[in-house]
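Overview (structure and organization)
One-letter residues, chain by chain:
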Amino acid sequence: RDCALIFEQLAVHRYWGNSFMPPPVMPPLQAESAAAHRTLRIGYCDEPWGSESDLAPDVLSALRQMLARLGDLGHELVRVDSSEICDFLAMRHAFAISEWVLPISKELEYEVAESGVTLTDANASLQLRHHIEAGAKYSLDDFFAAKAAAEGMMRQWGAFWQGGNFDALLTPVTPINCPPLDSHYRMDSPLPFDDWYGGLMDAACFTFPANYMGLPALSFPAGLDSAGCPVGMQFMAPWLGEPTLMKLAFQLERHFPELMAPRPSIHISTEV
């Protein structure tokens, strides 16, 4: 309900100018809480996108349980191979250049130059400094080529949605269990930048495509893993498919309230 309300407040088209085109009407997502039950055609992926890793056993178990719940609700479930959607290895490469490594490194370079401070172990993490160095490998031509590649991937996603006639796509939020605080994902990790960044992208393989392609996506709780930490399932929809996602989330909440009940224990120390 909070998600639906926030969306309705933020996704407002303010009509400026004198164009003959009327402003789009934003969908009333809160109304989906009382919508009649409708079965959907849902694709699902049980392999990480663009990664050779496997799903963690806890995550795979949570995915199978979610599929069983969706089946109980009458939804049509179709397994989808990642190759049917797009070239995720190419997507990772384009994303790194156009949205992550190059633009962030240039911004960091600018901020460092403006501050007039030399970066050291005392004032900057190792991976931040590695990030700046990594940006030097790419040129402006690389940046524009990556932007052009992203447009081609959007067409691949469009073909996927149309060709399979899917209402939604189910994946885990992340293929890994919630990592400990001292894991190699930390900014002070001693790993080489490519290895560190590759690990991050493996962990985010299901979520960054939605951000990159501008697709609506929703994370839904799916229980706790063996360490008592949350596991989430992600539902994606075609562009402008927010009502479908909210409809699905309200269905799951209504029929499986136990998914909303587990609360992870607090894994922090209260000692000062």
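Report on the accompanying structure. Nothing here was measured: the structure is a model prediction, and the numbers come from that model.

Notes on the nonpolar core
- Core analysis: the biggest nonpolar cluster contains 63 residues, and Trp49, Met66, Ile85, Trp157, Leu169 and Leu170 have the highest contact counts within it.
- Examining the composition of this core, we find that eight residues originate from one element, helix 3 (residues 88-115), more than from any other.
- Each residue touching Met66, except ones within four places of it in the same chain, is listed here: Leu170, Phe220, Pro221, Ala222, Met233, Phe235, Leu252 and Leu259.

Focus on the pairing of strand 5 (residues 230-236)
- Extensive coverage of strand 5 is indicated by the burial of six of its seven residues.
- The pairing of strand 4 (residues 217-224) with strand 5 spans six bridges and is classified as antiparallel. Across the sheet, residue Leu224 finds its bridge partner in strand 5, namely Pro230.
- In this antiparallel pair of consecutive strands, strand 4 and strand 5, the connection spans five residues, and Gly228 shows a positive phi of 85°.

Let's talk about the sheet that holds strand 2 (residues 76-79)
- The strand order 2-1-3-5-4 describes an open sheet built from five strands, whose pairing is mixed. The outermost strands of the open sheet, each flanked by one partner alone, are strand 2 and strand 4. Averaged over all pairs of adjacent strands, the angle between their axes in this sheet comes to 30°, without regard to strand direction.
- Where helix 5 (residues 140-164) meets the sheet, its contacts fall on strand 1 (41-44), strand 3 (168-172) and strand 5, and the angle it forms with strand 3 comes to roughly 115°.

Here we look at the environment of Glu76
- Relative to the assigned elements, Glu76 resides in strand 2.
- Look at Glu76 and you get partly exposed, because its relative accessible area is 41%.
- Placed 40 residues apart in sequence, Glu76 and Gly116 show a C-alpha to C-alpha distance of 59 Å.
- With sequence-adjacent residues up to four places away left out, Glu76 is seen in contact with Leu40, Arg41 and Ile42.
- Looking at Glu76, its side chain comes within polar contact range of the side chain of Arg41, at 2.5 Å.

Focus: the side chain of Thr244
- Relative to the elements of secondary structure, Thr244 occurs in helix 8 (residues 242-255).
- Not counting chain neighbours up to four residues away, the residues in contact with Thr244 comprise Arg38, Leu40 and Asp167.

Things to note about the pattern of salt bridges
- One pass over the full model with this rule turns up 11 salt bridges.
- Two residues, Arg92 and Asp202, come together in a salt bridge whose shortest N-O distance is 2.8 Å. Remark: Asp202 occurs in helix 6 (residues 193-203) and Arg92 occurs in helix 3; sequence separation between them is 110 residues.
- For Arg92, a relative accessible area of 14% puts it in the buried group.

So, how was this worked out
- Residues numbered from 1 in each chain as written.
- Predicted model: local features only at pLDDT ≥ 70, side-chain atom pairs only at ≥ 80, totals over all residues.
- Heavy atoms only, no water.
- Core = buried A, V, L, I, M, F, W, Y, C linked by side-chain atoms within 4.5 Å.
- Buried < 20%, exposed > 50% of the residue type's maximum accessible area, 1.4 Å probe, protein only.
- Helix = DSSP H or I, 4+ residues; strand = E, 2+ residues; numbered from the N terminus.
- Contact = heavy atoms within 4.5 Å.
- Pairing = 2+ DSSP bridges.
- Axes fitted to C-alpha atoms, helices over the stretch in contact; angles between N-to-C directions.
- Polar contact = N/O pair within 3.5 Å; in protein donor to acceptor, adjacent residues only side chain to side chain.
- Salt bridge = Lys/Arg side-chain N within 4 Å of Asp/Glu carboxyl O.

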